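# Residue-level structural notes
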Amino acid sequence: STSSASPASPARLFSILFVGRLVARKGVSTLIDAIALLDPGLDARLSVVGDGPERPALEALARDRGVAGHVTFRGRVPNADLQAAYRAADALVLPSVVDARGDTEGLGVVLLEAMAFGVPVVASNLGGITDIVTDGVTGRLVPPGDPAALAAALAGLARDPALGRGLAGGGA
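Just so you know, these numbers come straight off a predicted model, no measurement behind them.

## Here we look at the pattern of salt bridges
According to the stated counting rule, one finds seven salt bridges in the structure shown. Here Arg-101 ties to Asp-103 by a salt bridge, and the two come within 3.1 Å at their closest N and O atoms. For Arg-101, a relative accessible area of 65% translates into the label exposed. You can call Asp-103 partly exposed: its relative accessible area is 30%. Salt-bridge contacts for Arg-140 lead to Asp-135; the nearest nitrogen and oxygen are separated by 3.1 Å. The class of Asp-135 is partly exposed, set by a relative accessible area of 40%. Three or more residues joined by partner-sharing salt bridges are found here, namely Asp-51, Arg-55 and Glu-59.

Here it is, written out as structure tokens:
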């Protein structure tokens, strides 16, 4: 074979996007844990767009898990930059959990935005998310707070770009 990249190791990086306020119920800590579980050969990069009270703890977690080099905290960005982030993403993740007060995701508008840009979504099987995402059709649903399940869903998309395109098309 003349190709140097084997199917198990994509030659290009896998771009993962999170958009939202950095609060406990968004589950970004689960996403960072999941990034740490991914095969380093996948070269996954997480872009976190948004700000909030959890940001210092999440930045520390990324360092603790040894993935700070793969996670970029971008803070709030102008709308044009947000649209560019959606266009560049291979997957949008909404890893929502039920927080200590029992709050969780309402509508999940970022899921609709991602679908409009043709980006496959991976989200928690929780709250209003299940009204938007049909597992295996418009995206992947995973149990909330389960980094291993989230990592497996992301790895599946990273290794099979056609699957991602199919899921993104399912939301159209």
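## Focus: the sheet that holds strand β5 (residues 121-124)
One open sheet holds the six strands; their spatial order is β3-β2-β1-β4-β5-β6, and the pairing between them is parallel. Since the sheet does not close on itself, it has two edges, and those belong to β3 (71-75) and β6 (139-142), each with one partner. Along the sheet, successive strands turn relative to each other by an average axial angle of 20 degrees, direction set aside. Where strand β2 (residues 44-49) lies against β3, four bridges are found, and the strand directions are parallel.

## Structural notes on the packing of aromatic side chains
Counted by the stated rule, this structure contains one aromatic pair. Seen in terms of ring centroids, Tyr-86 and Phe-117 are 5.2 Å apart; in terms of plane orientation they differ by 10 degrees. Their pairing is stacked. Taken together, the residues span a long stretch of sequence, with Tyr-86 in helix α3 (residues 79-88) and Phe-117 in the loop between α4 (109-116) and β5 at a distance of 31 residues. For Tyr-86, a relative accessible area of 1% gives the class buried.

## So, the pairing of β2
With respect to burial, β2 is a largely interior element, five of its six residues being buried. Note: strand β1 (residues 14-19) against β2, six bridges, orientation parallel. Opposite Leu-17, over in β2, you have Ser-47 as the bridge partner. The handedness of the β1 to β2 crossover, carried by helix α1 (residues 28-37), is right-handed. In this region the chain leaves β2, passes through helix α2 (residues 55-64) and returns to the parallel neighbour β3; the handedness of that crossover is right-handed.

## Quick look at α4
Burial in α4 covers these residues: Val-110, Leu-111, Ala-114 and Met-115. Along α4, the residues classed as buried sweep out an arc of 140 degrees about the axis, all on the same side. Of the surrounding elements, those touching the buried residues of α4 are β1, α3, β4 (91-94), β5 and α5 (129-132). A positive backbone phi angle near 75 degrees is found at Gly-118, which sits one or two residues after α4.

## Focus: the nonpolar core
By size, the foremost hydrophobic cluster in this structure holds 52 residues, and its most contacted members are Ile-16, Ile-32, Leu-38, Leu-46, Leu-92, Leu-111 and Leu-154. In terms of residue count, helix α6 (residues 147-159) provides more of this core than any other element does, seven residues in total. Setting aside residues no more than four positions away along its own chain, Leu-111 makes contact with Leu-92, Leu-94, Val-121, Ala-123, Ile-129, Ile-132 and Val-133.

## A look at the packing of α1 against α6
Relative to each other, α1 and α6 sit at 60 degrees, their axes nearing to 8 Å. By the angle between their directions, the pair α1 and α6 is classed as oblique. In terms of crossing hand, the pair formed by α1 and α6 is right-handed. Residues Thr-30, Leu-31, Asp-33, Ala-34 and Leu-37 of α1 touch α6, and the partners they reach there are Pro-147, Ala-148, Leu-150, Ala-151 and Leu-154.

Thresholds applied
- Residues numbered from 1 in each chain as written.
- Predicted model: local features only at pLDDT ≥ 70, side-chain atom pairs only at ≥ 80, totals over all residues.
- Heavy atoms only, no water.
- Salt bridge = Lys/Arg side-chain N within 4 Å of Asp/Glu carboxyl O.
- Buried < 20%, exposed > 50% of the residue type's maximum accessible area, 1.4 Å probe, protein only.
- Pairing = 2+ DSSP bridges.
- Helix = DSSP H or I, 4+ residues; strand = E, 2+ residues; numbered from the N terminus.
- Axes fitted to C-alpha atoms, helices over the stretch in contact; angles between N-to-C directions.
- Phe/Tyr/Trp six-rings, centres within 6.5 Å; stacked < 30°, edge-to-face > 60°.
- Right-handed = clockwise from strand over helix to strand, strands pointing away.
- Arc of directions from axis to C-beta.
- Contact = heavy atoms within 4.5 Å.
- Core = buried A, V, L, I, M, F, W, Y, C linked by side-chain atoms within 4.5 Å.
- Parallel < 35°, antiparallel > 145°, perpendicular 65-115°, else oblique.
- Left-handed = near helix turned anticlockwise from the far one by under 90°.

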